[in-house]
Amino acid sequence: MFWRSFGNHVAGTGAANVPPLALALQGGGAYGAFTWGVLDRLLQEDDVFPSAISGASAGAVNAVLIAWGLLQGGREGARTALKQFWGEVGQKSMLSPMGLPGADLQFDLWTRLFSPYQFNPLNYNPLRDLLGGMVDFELLRRSGEIALFISATDVASGEPRIFRETELTLDVLMASTCLPHVSQAIEIDGRNYWDGGLSANPPVLPMVLETQCRTVLVVKLTPDEEPTVPTAAPDIMSRLRRILLNGSLQRDLAALAEMRTLLSRQTLSSGDLRRLRDLTIRQVTIDHSFFDGSNGSALSPRMDSLEKLRDAGIAAIEGVMRPVAVSA
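None of the values given here were measured: they were computed from a predicted structure.

Peer 1: In this structure, what is going on with the overall build of the chain? I would like to understand it.
Peer 2: When its secondary structure is counted, the chain shows 12 helices and 8 strands. For the chain, buried positions account for 47% of its 328 residues. Long-range pairs, those at least 24 residues apart, make up 78% of the contacts in the chain with a sequence separation of at least 6. On the chain, roughly 15500 Å² of surface is accessible, and the fraction owed to carbon and sulfur atoms is 54%.

Peer 1: Before we go on, may I ask you to explain the environment of Pro19 in this structure?
Peer 2: Secondary-structure assignment places Pro19 in the loop between helix 1 (2-5) and strand 1 (21-25). The sequence separation of Pro19 and Asp47 amounts to 28 residues, and the corresponding C-alpha distance is 9.7 Å.

Peer 1: Before we go on, may I ask you to explain the pairing of strand 6 (residues 191-195) in this structure?
Peer 2: For a regular strand, side-chain orientation follows a simple rule: the groups alternate between the two sheet faces. Examined bridge by bridge, strand 3 (residues 147-154) and strand 6 share 3 bridges and lie antiparallel to one another. In the sheet register, Thr153 faces strand 6, and the bridge partner there is Trp194. Here 3 bridges tie strand 5 (residues 186-188) to strand 6, and the two strands are oriented antiparallel to one another. Opposite Ile188, over in strand 6, you have Arg191 as the bridge partner. The turn linking strand 5 back onto strand 6 is made up of 2 residues, and Asp189 within it adopts a positive phi angle of 50°.

Peer 1: Honestly, the pattern of salt bridges in this entry has me stumped. Any pointers?
Peer 2: Following the criterion strictly, the structure yields 17 salt bridges and no others. Between Asp40 and Arg79 there is a salt bridge whose closest N-O contact spans 2.8 Å. Of this pair, Asp40 sits in helix 2 (residues 32-42) while Arg79 sits in helix 3 (residues 58-94); the two residues are 39 residues apart in sequence, bridging distant segments of the chain. Overall, Asp40 belongs to the buried group, its relative accessible area being 11%. The partly exposed category is assigned to Arg79, whose relative accessible area is 22%. In this structure, Arg161 and Glu167 form a salt bridge, with 2.9 Å as the shortest nitrogen-oxygen distance. A relative accessible area of 23% means that Arg161 is categorised as partly exposed. Linked through salt bridges whose partners overlap, the residues forming this network are Asp40, Glu76 and Arg79.

Peer 1: Explain the packing of aromatic side chains to me, please; I cannot follow it from the model alone.
Peer 2: Aromatic rings in a pair are described by how distant their centres are and how their planes are angled relative to each other. Within this structure, the stated rule accounts for 3 aromatic pairs. Between Phe85 and Trp86, the ring centres sit 5.1 Å apart and the planes meet at 85°, which makes this aromatic pair edge-to-face. For the residue pair Phe85 and Trp86, the accessibility class agrees, reading buried in each case.

Peer 1: I would appreciate a short explanation of helix 6 (residues 126-134) in the present structure.
Peer 2: Side chains of residues three or four places apart in an α-helix project in the same direction, reflecting 3.6 residues per turn. Within the span of helix 6, buried status applies to Leu130, Leu131 and Met134. Down the axis, helix 6 shows its buried residues gathered within 90° of arc, on one side only. Among the exposed residues of helix 6, those oriented more than 90 degrees off its buried face are Asp129 and Gly133. With a side-chain oxygen lying 2.9 Å from the backbone nitrogen of Leu127, the N-terminal cap of helix 6 falls on Asn125.

Peer 1: Sorry, what's going on with the packing of helix 2 against helix 12 (residues 303-321) here?
Peer 2: Packed helix pairs are specified by the crossing angle of their axes together with the interaxial distance, meaning the distance between the axes. Taken N-terminus to C-terminus, the directions of helix 2 and helix 12 make an angle of 45°; their axes are 6 Å apart at the nearest point. Between helix 2 and helix 12, the angle falls in the class oblique. Between helix 2 and helix 12 lies a crossing of right-handed hand. The segment helix 2 lies against helix 12, with Ala33, Phe34, Trp36, Gly37, Val38, Arg41 and Leu42 engaging Leu306, Leu309, Arg310, Ala312, Gly313, Ile314, Ala316, Ile317, Glu318 and Met321. Broken down by class, the residue content of the contact of helix 2 with helix 12 amounts to 12 nonpolar, 2 polar and 3 charged.

Peer 1: Help me understand empty space enclosed by the protein in this model?
Peer 2: Empty pockets left among the atoms are what a rolling probe the size of a water molecule brings to light. Under the defined criterion, the tally for this structure stands at 2 cavities of 30 Å³ or more. When its volume is computed, the largest cavity comes out at roughly 50 Å³. Looking at the lining of the largest cavity residue by residue, the classes come out as 3 nonpolar, 4 polar and 1 charged. In this structure, the second largest cavity spans a volume of roughly 40 Å³.

Peer 1: What am I meant to see in the pairing of strand 2 (residues 52-56) here?
Peer 2: For strand 2, the tally of buried residues reaches 5 of 5 residues, placing the bulk of the element in the interior. Judged by which residues are buried, strand 2 turns out to be covered on both faces: Ala52, Ser54 and Ala56 on one side and Ile53 and Gly55 on the other are all buried. Of the strand pairs in this sheet, strand 1 and strand 2 are connected by 4 bridges, and their pairing is parallel. Each residue of the ladder has a partner; that of Leu25, found in strand 2, is Gly55. The parallel pair strand 1 and strand 2, bridged by helix 2, forms a crossover whose chirality is right-handed. Of the strand pairs in this sheet, strand 2 and strand 3 are connected by 5 bridges, and their pairing is parallel. Note on strand 3: the bridge partner recorded for Ala52 is Ala147.

What counts and what doesn't
- Residues numbered from 1 in each chain as written.
- Predicted model: local features only at pLDDT ≥ 70, side-chain atom pairs only at ≥ 80, totals over all residues.
- Heavy atoms only, no water.
- Helix = DSSP H or I, 4+ residues; strand = E, 2+ residues; numbered from the N terminus.
- Buried < 20%, exposed > 50% of the residue type's maximum accessible area, 1.4 Å probe, protein only.
- Contact = heavy atoms within 4.5 Å.
- Areas by Shrake-Rupley, 256 points an atom, 1.4 Å probe, with all protein chains shown as cover.
- Pairing = 2+ DSSP bridges.
- Salt bridge = Lys/Arg side-chain N within 4 Å of Asp/Glu carboxyl O.
- Phe/Tyr/Trp six-rings, centres within 6.5 Å; stacked < 30°, edge-to-face > 60°.
- Arc of directions from axis to C-beta.
- Polar contact = N/O pair within 3.5 Å; in protein donor to acceptor, adjacent residues only side chain to side chain.
- Axes fitted to C-alpha atoms, helices over the stretch in contact; angles between N-to-C directions.
- Parallel < 35°, antiparallel > 145°, perpendicular 65-115°, else oblique.
- Left-handed = near helix turned anticlockwise from the far one by under 90°.
- Nonpolar A, V, L, I, M, F, W, Y, C, P; charged D, E, K, R; others polar.
- 1 Å grid on protein atoms, 1.4 Å probe; cavity = no way out; pocket = protein on both sides within 12 Å on 5 of 7 lines; lining within 4 Å.
- Points joined across faces, edges and corners; volume = space filled by probe spheres on them.
- Right-handed = clockwise from strand over helix to strand, strands pointing away.

Here is the structure:
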(Lines give C-alpha, C1' and ligand atoms only; values in the text may rest on other atoms or scores of the structure.)
Protein backbone atom coordinates (compact mmCIF):
# COMPACT_ATOMS: atom_id res chain seq x y z
CA MET A 1 0.00 0.00 0.00
CA PHE A 2 2.74 2.47 0.93
CA TRP A 3 4.71 2.09 -2.29
CA ARG A 4 1.57 2.08 -4.43
CA SER A 5 0.77 5.50 -2.99
CA PHE A 6 4.12 6.72 -4.30
CA GLY A 7 3.33 5.48 -7.80
CA ASN A 8 5.68 2.52 -7.51
CA HIS A 9 4.21 -0.94 -8.03
CA VAL A 10 6.60 -3.48 -6.60
CA ALA A 11 5.95 -7.21 -6.50
CA GLY A 12 6.12 -8.74 -3.04
CA THR A 13 6.04 -7.14 0.36
CA GLY A 14 9.46 -7.94 1.81
CA ALA A 15 11.97 -5.19 2.55
CA ALA A 16 14.33 -6.63 -0.10
CA ASN A 17 11.69 -6.15 -2.81
CA VAL A 18 11.01 -2.42 -2.41
CA PRO A 19 13.05 0.69 -3.26
CA PRO A 20 15.34 1.86 -0.45
CA LEU A 21 13.43 4.39 1.68
CA ALA A 22 15.02 7.29 3.52
CA LEU A 23 13.30 9.37 6.20
CA ALA A 24 14.20 13.02 6.82
CA LEU A 25 12.83 14.19 10.17
CA GLN A 26 12.74 17.87 11.01
CA GLY A 27 13.21 19.19 14.53
CA GLY A 28 10.67 21.21 16.48
CA GLY A 29 10.58 20.33 20.18
CA ALA A 30 7.27 18.91 21.38
CA TYR A 31 5.93 19.16 17.83
CA GLY A 32 8.04 16.06 17.22
CA ALA A 33 4.98 14.15 18.43
CA PHE A 34 3.52 14.85 14.97
CA THR A 35 6.42 12.81 13.57
CA TRP A 36 5.65 10.09 16.11
CA GLY A 37 2.20 9.75 14.54
CA VAL A 38 3.62 9.65 11.01
CA LEU A 39 6.15 6.98 11.94
CA ASP A 40 3.69 4.93 13.98
CA ARG A 41 1.35 4.68 11.00
CA LEU A 42 4.15 3.93 8.54
CA LEU A 43 5.47 1.13 10.71
CA GLN A 44 2.16 -0.68 10.40
CA GLU A 45 2.92 -1.30 6.71
CA ASP A 46 4.73 -4.54 5.92
CA ASP A 47 6.70 -2.98 3.07
CA VAL A 48 8.17 -0.11 5.10
CA PHE A 49 11.68 -0.52 6.46
CA PRO A 50 13.88 2.60 6.21
CA SER A 51 17.45 2.10 5.09
CA ALA A 52 18.50 5.61 6.14
CA ILE A 53 17.18 8.28 8.53
CA SER A 54 18.33 11.86 9.02
CA GLY A 55 17.22 14.04 11.87
CA ALA A 56 17.83 17.21 13.83
CA SER A 57 16.79 17.95 17.41
CA ALA A 58 13.42 16.22 18.04
CA GLY A 59 13.83 14.65 14.60
CA ALA A 60 17.15 13.18 15.74
CA VAL A 61 15.45 11.72 18.82
CA ASN A 62 12.76 10.12 16.68
CA ALA A 63 15.42 8.83 14.27
CA VAL A 64 17.40 7.15 17.04
CA LEU A 65 14.28 5.71 18.66
CA ILE A 66 13.05 4.15 15.43
CA ALA A 67 16.51 2.73 14.64
CA TRP A 68 16.85 1.30 18.15
CA GLY A 69 13.33 -0.10 18.15
CA LEU A 70 13.78 -1.75 14.76
CA LEU A 71 17.00 -3.32 15.98
CA GLN A 72 15.34 -4.66 19.12
CA GLY A 73 11.97 -5.80 17.85
CA GLY A 74 11.34 -4.89 14.22
CA ARG A 75 8.49 -2.57 13.33
CA GLU A 76 6.56 -3.30 16.54
CA GLY A 77 9.70 -2.65 18.56
CA ALA A 78 10.07 0.76 16.91
CA ARG A 79 6.42 1.62 17.55
CA THR A 80 6.84 0.64 21.21
CA ALA A 81 9.99 2.75 21.62
CA LEU A 82 8.30 5.83 20.17
CA LYS A 83 5.20 5.36 22.30
CA GLN A 84 7.25 4.86 25.46
CA PHE A 85 9.36 7.96 24.89
CA TRP A 86 6.55 10.37 24.05
CA GLY A 87 4.36 8.91 26.79
CA GLU A 88 7.07 9.53 29.37
CA VAL A 89 7.65 13.05 28.05
CA GLY A 90 3.95 13.76 28.50
CA GLN A 91 3.90 12.26 31.99
CA LYS A 92 6.95 14.25 33.10
CA SER A 93 5.38 17.47 31.80
CA MET A 94 2.56 16.99 34.32
CA LEU A 95 5.13 17.33 37.11
CA SER A 96 6.83 20.35 35.54
CA PRO A 97 6.05 23.98 36.40
CA MET A 98 5.89 24.53 32.62
CA GLY A 99 2.40 23.07 32.78
CA LEU A 100 1.10 25.95 34.92
CA PRO A 101 -0.88 28.83 33.36
CA GLY A 102 1.42 31.53 32.04
CA ALA A 103 4.55 29.42 32.56
CA ASP A 104 5.55 29.53 28.89
CA LEU A 105 5.69 33.33 28.95
CA GLN A 106 7.54 33.37 32.27
CA PHE A 107 10.11 30.85 31.03
CA ASP A 108 10.62 32.84 27.82
CA LEU A 109 11.28 35.99 29.86
CA TRP A 110 13.59 34.08 32.20
CA THR A 111 15.72 32.75 29.34
CA ARG A 112 16.02 36.23 27.86
CA LEU A 113 17.41 37.58 31.14
CA PHE A 114 19.63 34.66 32.17
CA SER A 115 21.74 32.11 30.32
CA PRO A 116 21.56 28.36 31.04
CA TYR A 117 25.01 28.71 32.61
CA GLN A 118 23.34 30.92 35.23
CA PHE A 119 19.93 29.34 35.86
CA ASN A 120 21.09 25.74 35.26
CA PRO A 121 24.74 25.60 36.38
CA LEU A 122 24.68 21.79 36.76
CA ASN A 123 23.32 21.48 33.21
CA TYR A 124 20.54 19.15 34.32
CA ASN A 125 18.56 17.76 31.38
CA PRO A 126 15.81 15.18 32.07
CA LEU A 127 15.97 14.17 28.40
CA ARG A 128 19.44 12.75 28.98
CA ASP A 129 18.25 10.41 31.72
CA LEU A 130 15.21 9.33 29.72
CA LEU A 131 17.09 8.51 26.50
CA GLY A 132 20.08 7.08 28.32
CA GLY A 133 17.77 4.60 30.01
CA MET A 134 16.01 3.61 26.79
CA VAL A 135 18.79 3.22 24.19
CA ASP A 136 21.99 1.16 24.26
CA PHE A 137 24.08 3.51 22.11
CA GLU A 138 27.08 1.18 21.95
CA LEU A 139 24.95 -1.66 20.58
CA LEU A 140 23.26 0.69 18.12
CA ARG A 141 26.66 1.91 16.89
CA ARG A 142 27.82 -1.65 16.29
CA SER A 143 24.70 -2.76 14.44
CA GLY A 144 25.04 -0.52 11.37
CA GLU A 145 21.67 -1.77 10.13
CA ILE A 146 20.30 1.69 9.36
CA ALA A 147 22.33 4.63 8.10
CA LEU A 148 21.84 7.58 10.47
CA PHE A 149 22.61 11.23 9.82
CA ILE A 150 22.28 13.28 13.02
CA SER A 151 23.02 17.00 12.82
CA ALA A 152 24.44 19.35 15.42
CA THR A 153 25.69 22.93 15.03
CA ASP A 154 29.30 23.83 15.77
CA VAL A 155 29.13 26.82 18.12
CA ALA A 156 32.46 28.25 16.96
CA SER A 157 31.91 28.06 13.20
CA GLY A 158 28.13 27.89 12.89
CA GLU A 159 28.60 24.98 10.48
CA PRO A 160 26.60 21.75 10.69
CA ARG A 161 28.33 18.61 11.90
CA ILE A 162 26.71 15.42 10.64
CA PHE A 163 27.25 12.47 12.96
CA ARG A 164 26.86 9.02 11.43
CA GLU A 165 25.54 5.85 13.08
CA THR A 166 29.09 4.69 13.90
CA GLU A 167 29.68 7.90 15.88
CA LEU A 168 26.38 7.93 17.75
CA THR A 169 26.50 8.51 21.51
CA LEU A 170 24.17 9.98 24.08
CA ASP A 171 26.25 13.18 23.93
CA VAL A 172 25.72 13.38 20.16
CA LEU A 173 21.97 13.17 20.64
CA MET A 174 22.10 15.75 23.43
CA ALA A 175 24.11 18.04 21.14
CA SER A 176 21.51 17.73 18.41
CA THR A 177 18.77 18.73 20.87
CA CYS A 178 20.74 21.44 22.71
CA LEU A 179 18.66 24.63 22.67
CA PRO A 180 21.17 27.44 23.33
CA HIS A 181 18.82 29.43 25.60
CA VAL A 182 17.87 26.35 27.65
CA SER A 183 20.94 24.08 27.87
CA GLN A 184 24.69 24.53 28.00
CA ALA A 185 26.61 23.62 24.85
CA ILE A 186 27.65 19.98 24.55
CA GLU A 187 31.37 19.32 24.12
CA ILE A 188 32.41 16.47 21.80
CA ASP A 189 36.06 15.90 20.84
CA GLY A 190 37.02 19.39 21.95
CA ARG A 191 34.26 21.16 19.96
CA ASN A 192 31.07 22.66 21.39
CA TYR A 193 27.69 22.04 19.79
CA TRP A 194 24.17 23.44 19.81
CA ASP A 195 20.90 22.25 18.33
CA GLY A 196 21.19 20.67 14.88
CA GLY A 197 18.07 22.47 13.70
CA LEU A 198 20.05 25.71 13.55
CA SER A 199 22.18 24.53 10.62
CA ALA A 200 20.77 21.31 9.06
CA ASN A 201 17.10 20.70 9.81
CA PRO A 202 17.34 17.87 8.82
CA PRO A 203 20.43 17.00 6.72
CA VAL A 204 18.80 15.72 3.52
CA LEU A 205 21.51 16.26 0.93
CA PRO A 206 24.26 14.25 2.72
CA MET A 207 21.86 11.33 3.20
CA VAL A 208 20.80 11.30 -0.46
CA LEU A 209 24.38 11.50 -1.73
CA GLU A 210 25.88 8.94 0.66
CA THR A 211 23.21 6.21 0.51
CA GLN A 212 21.36 4.31 -2.23
CA CYS A 213 17.92 5.61 -1.28
CA ARG A 214 15.42 5.95 -4.11
CA THR A 215 12.59 7.54 -2.12
CA VAL A 216 12.84 10.25 0.54
CA LEU A 217 9.96 11.03 2.87
CA VAL A 218 10.42 14.40 4.56
CA VAL A 219 8.44 15.02 7.74
CA LYS A 220 8.19 18.78 8.26
CA LEU A 221 7.44 20.44 11.57
CA THR A 222 7.23 23.87 9.93
CA PRO A 223 4.08 24.64 7.94
CA ASP A 224 4.31 25.23 4.20
CA GLU A 225 2.37 28.45 4.72
CA GLU A 226 0.99 30.43 7.66
CA PRO A 227 -1.76 32.65 6.24
CA THR A 228 -2.04 35.24 9.00
CA VAL A 229 0.50 38.02 9.55
CA PRO A 230 1.68 37.97 13.19
CA THR A 231 1.32 41.30 14.97
CA ALA A 232 2.06 40.49 18.64
CA ALA A 233 5.75 40.44 19.59
CA PRO A 234 5.82 36.79 20.79
CA ASP A 235 4.04 35.63 17.63
CA ILE A 236 6.47 37.56 15.44
CA MET A 237 9.44 35.96 17.17
CA SER A 238 7.91 32.49 16.91
CA ARG A 239 7.25 32.93 13.19
CA LEU A 240 10.76 34.23 12.64
CA ARG A 241 12.24 31.20 14.40
CA ARG A 242 10.23 28.83 12.21
CA ILE A 243 11.31 30.62 9.03
CA LEU A 244 14.96 30.47 10.06
CA LEU A 245 14.80 26.83 11.18
CA ASN A 246 13.22 25.83 7.87
CA GLY A 247 15.86 27.57 5.76
CA SER A 248 18.42 24.75 5.62
CA LEU A 249 15.81 22.21 4.51
CA GLN A 250 14.62 24.53 1.75
CA ARG A 251 18.20 24.93 0.57
CA ASP A 252 18.80 21.17 0.49
CA LEU A 253 15.58 20.50 -1.41
CA ALA A 254 16.30 23.33 -3.87
CA ALA A 255 19.80 21.95 -4.49
CA LEU A 256 18.39 18.49 -5.12
CA ALA A 257 15.79 19.88 -7.51
CA GLU A 258 18.47 21.72 -9.46
CA MET A 259 20.66 18.61 -9.62
CA ARG A 260 17.76 16.50 -10.88
CA THR A 261 16.88 19.10 -13.52
CA LEU A 262 20.46 19.14 -14.83
CA LEU A 263 20.68 15.33 -14.81
CA SER A 264 17.42 15.02 -16.72
CA ARG A 265 19.05 16.83 -19.65
CA GLN A 266 21.91 14.35 -19.89
CA THR A 267 22.41 10.82 -21.18
CA LEU A 268 23.59 9.08 -18.05
CA SER A 269 25.81 6.00 -17.88
CA SER A 270 26.26 6.06 -14.11
CA GLY A 271 23.66 4.16 -12.11
CA ASP A 272 24.09 6.52 -9.17
CA LEU A 273 23.42 9.57 -11.32
CA ARG A 274 20.31 7.89 -12.70
CA ARG A 275 19.22 7.21 -9.11
CA LEU A 276 19.53 10.89 -8.27
CA ARG A 277 17.67 11.88 -11.42
CA ASP A 278 14.78 9.52 -10.64
CA LEU A 279 14.69 10.15 -6.89
CA THR A 280 11.17 10.41 -5.44
CA ILE A 281 10.71 13.07 -2.75
CA ARG A 282 7.48 13.40 -0.79
CA GLN A 283 6.66 15.62 2.16
CA VAL A 284 4.31 15.30 5.11
CA THR A 285 3.81 18.70 6.74
CA ILE A 286 2.31 19.82 10.03
CA ASP A 287 -0.70 22.14 9.76
CA HIS A 288 -0.28 25.83 10.58
CA SER A 289 -3.12 25.67 13.11
CA PHE A 290 -0.78 24.02 15.63
CA PHE A 291 1.13 27.28 15.96
CA ASP A 292 -1.78 29.35 17.22
CA GLY A 293 -1.05 30.68 20.69
CA SER A 294 -3.82 28.56 22.22
CA ASN A 295 -2.12 25.33 21.15
CA GLY A 296 0.87 25.62 23.45
CA SER A 297 4.54 25.69 22.46
CA ALA A 298 7.48 23.47 21.56
CA LEU A 299 8.63 23.71 25.18
CA SER A 300 5.30 22.71 26.72
CA PRO A 301 4.71 19.00 25.98
CA ARG A 302 1.38 18.35 27.72
CA MET A 303 0.07 14.85 27.09
CA ASP A 304 -3.17 16.03 25.52
CA SER A 305 -1.18 18.21 23.09
CA LEU A 306 1.18 15.36 22.25
CA GLU A 307 -1.72 13.02 21.52
CA LYS A 308 -3.37 15.63 19.30
CA LEU A 309 -0.12 16.04 17.38
CA ARG A 310 0.29 12.26 17.06
CA ASP A 311 -3.23 11.91 15.67
CA ALA A 312 -2.57 14.72 13.20
CA GLY A 313 0.60 12.94 12.05
CA ILE A 314 -1.34 9.73 11.50
CA ALA A 315 -3.98 11.55 9.47
CA ALA A 316 -1.35 13.40 7.43
CA ILE A 317 0.56 10.29 6.36
CA GLU A 318 -2.66 8.43 5.62
CA GLY A 319 -3.48 11.23 3.20
CA VAL A 320 -0.21 10.52 1.40
CA MET A 321 -0.76 6.75 1.51
CA ARG A 322 -4.17 6.70 -0.15
CA PRO A 323 -3.94 4.32 -3.11
CA VAL A 324 -3.52 5.93 -6.51
CA ALA A 325 -4.10 4.49 -9.95
CA VAL A 326 -1.04 2.71 -11.26
CA SER A 327 -0.53 1.93 -14.92
CA ALA A 328 -0.22 -1.74 -15.77
